[in-house]
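What the coordinates show
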Amino acid sequence: MEQKQARPFLRGKPADSRTLRTAAGIFGALLLTCFLNLILTGTAATLKAVWLRVGFCLLQEGAYCALFFYSGQSRGAGDVALGETMLARRESGRPGTPAEEARCWHPTKGFVQAFLGTVPFLILTIVYAFLAERQRMTPGALPSWVSGMSSRPDVTEPLTVYTIAEPAKLGDYLRVGVRMLIMPFVTVVGAQNFDPMLTLERLAPVLSLLPAASYGTGYILGVGARRRVHENIAEGQKRLQKKQRREKRQKQREREPEQLN
C-alpha cells in the first residue's frame, strides 16, 4: 500500500502570543470539570457495587480526557495548517512576521499550554500532598436530653470531647479543592476508607495532570489529523475526476449515433 507523506510545513516555537490565552481556557475547562464532579457525585454515590463506581469513574474521567485530547488535536491541526501557509509564503518570498511563524505547530507547544493551565491545580495538590493526614472518626452530636444535665460536672466532664471542636487547619480547606478535582476517584475509594483516601490524596498531583497529558498528546497527533484532511481532499478530487470522466464517456456514446447518420 502506498504510504502518503504529510505536506511540509514550517515549525513554530514552544510558546507564542496565544499561549497564555490558551492556558487560561484550559484552566477554565478544568474549573468546569470540578463543578461537573460536584453535580455527578450524587449519581455516583447511589451506585452500591464497586464495579459500577469504577465504571462510572472511568467513563467520567475518560470523557474529560477525550474532550481535552480532541481539543488539543484540533488546535494542533490548525497550527499545522498555519505552518503550511507560512512555509508557502516564505518560499514565495513573502515570509510572515516572527510572531506569525512562532504560532505554527511545535511538538511541545500543547504540553506547554496545558501545563500552564494546570499549574494552579498542580500547586494546590502538591501543597496538600505534603499536608495530608489520615482522617479520623469524629464524635457525633450529643442527644438533646444531655443538655438538661449541663450543670452536673460529673456528666459534662467525660463528654468534653463532644463539646470542644478542633480548629480548622490549612489542610482542611485545601482538601475541599483537591477532592473536587479528583472526585471521580474519591467516589471509587470511598471517603470513609481513610487509609486508601490518604494514598489517593497524595497521588492527586499525578491525577490532576491527566487532562493536560491528554491535551498535549492530542496536539502532537494534530499532524496526523491534518494529513488525513489532505488525504480526504485528494480522495474527493479523485472521485470527482472519475465522475467527470464517466460523464464524458457517456456523452461521447450519446453523440456516436448522430455522427453515423
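In every chain, residue numbers begin from 1 and rise along the written sequence. For this predicted model, a pLDDT threshold of at least 70 governs which residues receive local features, and a threshold of 80 or more governs which side-chain atom pairs are given and counted, while totals over whole chains, interfaces and linings are taken from all residues. Processing note: side-chain calculations cover all non-hydrogen atoms of the structure and skip hydrogens and water entirely.

1. Concerning helix α1 (residues 19–45)
How we decide: A run of H or I in DSSP becomes a helix once it reaches four residues, and a run of E becomes a strand once it reaches two; helices and strands are each numbered from the N terminus. To estimate the expected span of a helix, count its residues, drop one, and scale the result by 1.5 Å. What is called the bend at a residue is the angle between a pair of axes, fitted to the seven residues leading up to and ending at it and to the seven starting from it. For every residue, the accessible area obtained with a 1.4 Å probe (protein chains only) is divided by the maximum for its type, and the residue is called buried under 20%, exposed over 50%, and partly exposed between those limits. We call two residues contacting when some pair of their heavy atoms lies within 4.5 Å.
Taking 1.5 Å per residue as the helical rise, α1 with its 27 residues ought to reach 39 Å, and the 38 Å between its terminal C-alpha atoms agrees with that figure. In the structure, α1 departs most strongly from a straight axis at I39, where the bend amounts to approximately 35°. Where α1 is concerned, the buried positions are T19, T22, A23, I26, L30, T33, C34, N37 and A44. Looking at the buried side of α1, the elements it contacts are α2 (50–91), α4 (109–131), α7 (170–181), α8 (183–189) and α11 (210–220).

2. Side note on the confidence of the model for the protein chain
Test applied: The quantity called pLDDT is the predictor's confidence in a given residue, expressed from 0 to 100.
In the predicted model, the protein chain carries a mean pLDDT of 83, and the fraction of residues at 70 or more is 82%. Averaged pLDDT values for the elements of the protein chain fall to 51 in helix α6 (residues 160–163) and rise to 96 in α11.

3. What to know about a positive patch on the surface
Selection criterion: Patches here: salt-bridge-free residues with over 30% relative accessible area, like charges joined within 9 Å, nonpolar side chains (Val, Leu, Ile, Met, Phe, Trp, Tyr) joined within 5 Å. For every accessible area listed, the method is Shrake-Rupley and the probe measures 1.4 Å; residues are considered covered only by the protein chains on display. Between Lys or Arg on one side and Asp or Glu on the other, a salt bridge is scored when a side-chain nitrogen of the former is within 4 Å of a carboxyl oxygen of the latter. His is not counted, nor are the chain ends; Lys and Arg add positive charge and Asp and Glu add negative charge. Note on charges: their place is set at NZ of Lys, CZ of Arg, CG of Asp or CD of Glu.
A cluster of basic residues, K242, K243, R245, R246, R249 and R253, forms a positive patch at the surface. Along the chain, K243 falls in helix α12 (residues 222–260).

4. Notes on the nonpolar core
Formally: To form a nonpolar core, buried Ala, Val, Leu, Ile, Met, Phe, Trp, Tyr and Cys residues must be joined to one another through side-chain atoms within 4.5 Å.
Grouped together as the largest cluster of nonpolar side chains are 24 residues, with contacts concentrated most on I26, I182, F185, V186 and L200. Only α1, α2, α4, α7, α8, α9 (194–202), α10 (204–208) and α11 provide two or more residues apiece to this core. Considering each element in turn, this core owes the most residues, four residues, to α7. Each residue touching F185, except ones within four places of it in the same chain, is listed here: C57, E61, L200, L207 and L210.

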